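Chain by chain, the residues:
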Protein chains: 2
Amino acid sequence: MSDFGKYFREKREALSKKGKGLSLRYVSKEIGVDPGYLSKIERGVFAPPSENLIIKMAEIIDEDKDVLLALAGKVSSDLHIIIKKRPKLFGQLIRQLKDAPDNAIFSLVREVQDGDW
Amino acid sequence: MSDFGKYFREKREALSKKGKGLSLRYVSKEIGVDPGYLSKIERGVFAPPSENLIIKMAEIIDEDKDVLLALAGKVSSDLHIIIKKRPKLFGQLIRQLKDAPDNAIFSLVREVQDGDW
DNA sequence: TAGAGTGTGTAGTACTTACTCAACATATGT
DNA sequence: ACATATGTTGAGTAAGTACTACACACTCTA
């Protein structure tokens, strides 16, 4: 179903061949889980793990955490917190940007970056 | 802990006295749950219910669903979906707006409203 | 004084999430 | 041939989520 595991495995194996010894067992030790568990996650036998683990996994394969979380069907909890503080405002903004092209959102990001309040 | 139940009860009782017969039992029937369950939710004995129920509850007391969901510690799943489609972009934007004043976000909303892409 | 309507307390449960443990199989290097 | 490393399998589980069922107690009206 989800491409989460597949994506992670591919990236891990790619890095593994590039010198980094990222074996499944090594990674499982690094992030503190049972190798069998990780094996099942990578093959899609098990659902993606908790947010904490996903973030560790992202760091290891040098991937953006939001991207990996999204592949796992999740949204980072720090974004949650931000949205929940002003639900109406953020709700409106995000829904409005639903169908906006990437570059429109991107220019908003840049605009806000330079914003002086 | 959460003000969700308290908030809902207060609003329900306020409306109840304004003519609308919003008794706990009536509401529980409307949204399709056991009265005892709703009673416990309102008093904070039980955690807030599922998203679906919260949305029904919001409609009944005529409250914004994002606001009630936020009180329940949740973010609407339609926002989730939007964010997950472009996690990096939205992640960046939202984090950048974390400490922006309300009116700055609001003016973004309006800007986007008139946006022509 | 009976019935209807209101809220509450106790108990239980089905389902999901997020894992662990230990044994097994296969390949790799020495 | 042996140790070591690698991935896999099956079984089990503790804790959380999202509720239901139903008996109880009070109040208010006809």
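Structure: above.
Keep in mind the model is a prediction, meaning the values are calculated, not measured.

A. Spotlight on the nonpolar core. Of all hydrophobic cores here, the largest spans 30 residues; its most connected members are Ile94 and Leu97 of chain A together with Ile94 and Leu97 of chain B. At the level of secondary structure, the elements contributing two or more residues to this core comprise helix H6 (77-85), helix H7 (87-96) and helix H8 (102-114) of chain A together with helix H6 (77-85), helix H7 (87-96) and helix H8 (102-114) of chain B. Every residue in contact with leucine 97 of chain B, bar those within four places of it in the chain, is listed here: Arg86, Phe90, Leu93 and Val112 of chain A together with Ile105 and Leu108 of chain B.

B. Region of the structure containing the protein's contact with DNA strand C. Around DNA strand C, a shell composed of 18 residues is seen, among which Ser50 of chain A together with Leu24, Arg25, Lys40 and Arg43 of chain B lie nearest. Measuring from a phosphate oxygen of DNA strand C, one finds a backbone N or O atom of aspartate 34 of chain A at 3.2 Å. Contact between DNA strand C and tyrosine 37 of chain A: a sugar or linking oxygen at 3.1 Å from a side-chain N or O atom of the residue. Where the surface near DNA strand C is concerned, the elements lending two or more residues are helix H1 (4-17), helix H2 (24-31) and helix H3 (35-42) of chain B. Per-element accounting of the surface near DNA strand C gives the leading share, four residues, to H3 of chain B.

C. Region of interest: the relation of the copies chain A and chain B. For these two chains of identical sequence, chain A goes onto chain B by a turn of 180° and a shift of 0.0 Å along the axis, with RMSD 0.0 Å. A rotation of that kind, with that shift, is consistent with a two-fold axis. Proximity to the rotation axis, assessed at the C-alpha, singles out leucine 108 of chain A in chain A; its C-alpha lies 4.1 Å from the axis. The share of interface residues of chain A whose copies in chain B are also at the interface is 100%, consistent with both copies meeting through the same surface.

D. Just the packing of H2 of chain B against helix H4 (residues 51-60) of chain B, in detail. Residue and element names in this part refer to chain B. The contact between H2 and H4 brings their axes to 10 Å, and the two run at 130°. As summarised for this structure, H2 and H4 are arranged oblique, according to the angle between their axes. H2 and H4 meet at a crossing whose hand is right-handed. Two secondary-structure elements touch here, H2 through Val27, Glu30 and Ile31 and H4 through Leu53, Lys56, Met57 and Ile60. Here the residues of the contact of H2 with H4 sort into five nonpolar, no polar and two charged.

About the cut-offs
Residues numbered from 1 in each chain as written. Chains lettered and ligands numbered in written order. Predicted model: local features only at pLDDT ≥ 70, side-chain atom pairs only at ≥ 80, totals over all residues. Heavy atoms only, no water. Core = buried A, V, L, I, M, F, W, Y, C linked by side-chain atoms within 4.5 Å. Buried < 20%, exposed > 50% of the residue type's maximum accessible area, 1.4 Å probe, protein only. Helix = DSSP H or I, 4+ residues; strand = E, 2+ residues; numbered from the N terminus. Contact = heavy atoms within 4.5 Å. Near = heavy atom within 4 Å. Polar contact = N/O pair within 3.5 Å; in protein donor to acceptor, adjacent residues only side chain to side chain. Least-squares fit on C-alpha atoms with pLDDT ≥ 70 in both. Axes fitted to C-alpha atoms, helices over the stretch in contact; angles between N-to-C directions. Parallel < 35°, antiparallel > 145°, perpendicular 65-115°, else oblique. Left-handed = near helix turned anticlockwise from the far one by under 90°. Nonpolar A, V, L, I, M, F, W, Y, C, P; charged D, E, K, R; others polar.

By themselves, these figures tell us nothing about what the structure is for.
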